[in-house]
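Observations on the model geometry
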Amino acid sequence: MSVSQGESAAVSHDERVVREFSKQAAGFADPRLNVAFTRHLDRLVRFMDPELDTEDVVLEVAAGTALVSRAIARRVRHVTALDLTPAMLAEGKRAVDREGVTNVTFAHGDATALPYLDRSFTLVVTRFSLHQVADPGAVVAEMARVSRPGAALIIADLVRPDGLPGDPDRIERLRDPSHGTMLTEERIAELIAAAGAEVKRRETFDFVRPLQPWLELAQTPDDTAAQIRKELEKELTGGPVTGMRPSEVDGELHFTQTYTFQQAVAG
Ligand SMILES: C[S@@+](CC[C@H](N)C(=O)[O-])C[C@H]1O[C@@H](n2cnc3c(N)ncnc32)[C@H](O)[C@@H]1O
């Protein structure tokens, strides 16, 4: 994984994650900035619907502000929302208190070393985390380990479409130096299989989104944001391909991400 410009290699990936998401935490509650996290939430809940049971004891891994946990809380017995960044957990806790949700509890921890015994949960979910962590295989293996046999595993993430030209991870890391690597849909399925689970359903779709709120949420420094904007504008007029699939919608610069939802059954 590349180290961002001018930054010491001594800063670990996890330290970079905590630094970046401590900055972003408040933005996850701002409707002007959090659209990518709320726009398709109903669609994810519909995708999860056949797996949800009022007896479920759920774990959300790398839950951030627990948007997914909060969306399913009233459909299950209990949800634990675990994340590495205390500021994200604090934002989520404020939200559940405000919303009067009493069956979501928060835990500080590392997705690659979950602090739970084997077979603890009847449903385990993670969204927008595999592209973020240094070792996505370890996250999937941990999710499978803490799942009861037959439990549903739900993984939702950004993916890199097969054959996509350019290097979107480079631009993603310019915007947020804690970005890891986007996997392909197939690679996620392979990690699930390697963890001893079996993929049953998948849903994959594109999301065309405005550039500006994406940069603002990450608080990308002005000069770097200008560089990203310039590269995307150049691509629109025939310049080098960035992999960000830029477009102009109503005169505003947009780019495209591909999201996959995958449901598997733990072995
Ligand atoms: C893009 S946010 C997504 C938050 C949430 N999953 C959602 O979809 O709304 C990524 C989250 O992953 C968390 N994260 C990254 N690496 C982690 C790790 N090793 N263990 C636990 N959480 C991690 C970050 O702290 C951040 O809250």
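Our structure's up above, just so we're on the same page.
Residues numbered from 1 in each chain as written. Predicted model: local features only at pLDDT ≥ 70, side-chain atom pairs only at ≥ 80, totals over all residues. Heavy atoms only, no water.

A closer look at the packing of helix α9 (residues 211-218) against helix α10 (residues 222-236)
Between α9 and α10, whose axes approach to 11 Å, the crossing angle comes to 155°. In terms of orientation, α9 lies roughly antiparallel with respect to α10. Considering how the two elements wind past one another, α9 and α10 form a crossing that is right-handed. Contacts from L211, Q212 and L215 in α9 reach A225, I228, R229 and L232 in α10. Grouping the constituent residues of the contact of α9 with α10 by class yields five nonpolar, one polar and one charged. (Axes fitted to C-alpha atoms, helices over the stretch in contact; angles between N-to-C directions. Helix = DSSP H or I, 4+ residues; strand = E, 2+ residues; numbered from the N terminus. Parallel < 35°, antiparallel > 145°, perpendicular 65-115°, else oblique. Left-handed = near helix turned anticlockwise from the far one by under 90°. Contact = heavy atoms within 4.5 Å. Nonpolar A, V, L, I, M, F, W, Y, C, P; charged D, E, K, R; others polar.)

Quick word on the layout of surface pockets
Gaps left between atoms show up when a probe the size of a water molecule is rolled over them. Its boundaries defined by the atoms lining it, the largest pocket holds a volume of some 650 Å³. Every residue lining the largest pocket is counted, 43 residues in all, and those nearest its centre are F21, A62, F128, S129 and Q132. Mapped onto the lining of the largest pocket, the elements with two or more residues apiece are α1 (13-24), α2 (35-38), α4 (67-72), β2 (78-83), α7 (168-175), α9 and β8 (252-265). Broken down by element, the lining of the largest pocket gets its largest block of residues, five residues, from α1. A breakdown of the residues in the lining of the largest pocket according to their chemical character gives 21 nonpolar, 12 polar and 10 charged. (1 Å grid on protein atoms, 1.4 Å probe; cavity = no way out; pocket = protein on both sides within 12 Å on 5 of 7 lines; lining within 4 Å. Points joined across faces, edges and corners; volume = space filled by probe spheres on them.)

Brief notes about the environment of F255
Checked against the element boundaries, F255 lands in strand β8. Once the C-alpha coordinates of F255 and V125 are considered, the two residues, 130 residues apart in sequence, prove to be 27 Å apart. Among all residues touching F255, those that are not within four sequence positions of it are F207, V208, R209, P210, L211, W214, L232, M244, R245 and P246.

Looking at empty space enclosed by the protein
In total, this model carries two cavities of 30 Å³ or more according to the counting rule given. By volume, the largest cavity amounts to about 60 Å³. Lining the largest cavity, in full, are V159, P161, L164, P168, E172, M182, G243, M244, R245, T256, Q257 and T258. Listing elements by their share of the lining of the largest cavity, those giving two or more residues are α7 and β8. Of the residues forming the lining of the largest cavity, the biggest block, three residues, is contributed by β8. Its residues placed into classes, the lining of the largest cavity shows six nonpolar, four polar and two charged. Of the voids in this model, the second largest cavity is the one considered here, and its volume is about 50 Å³. Together, H40, L44, R127, F128, A156, D157, Y259, T260 and F261 line the second largest cavity. Broken down by secondary-structure element, the contributors of at least two residues to the lining of the second largest cavity are β5 (147-159) and β8. With three residues, the top contributor of residues to the lining of the second largest cavity is β8.

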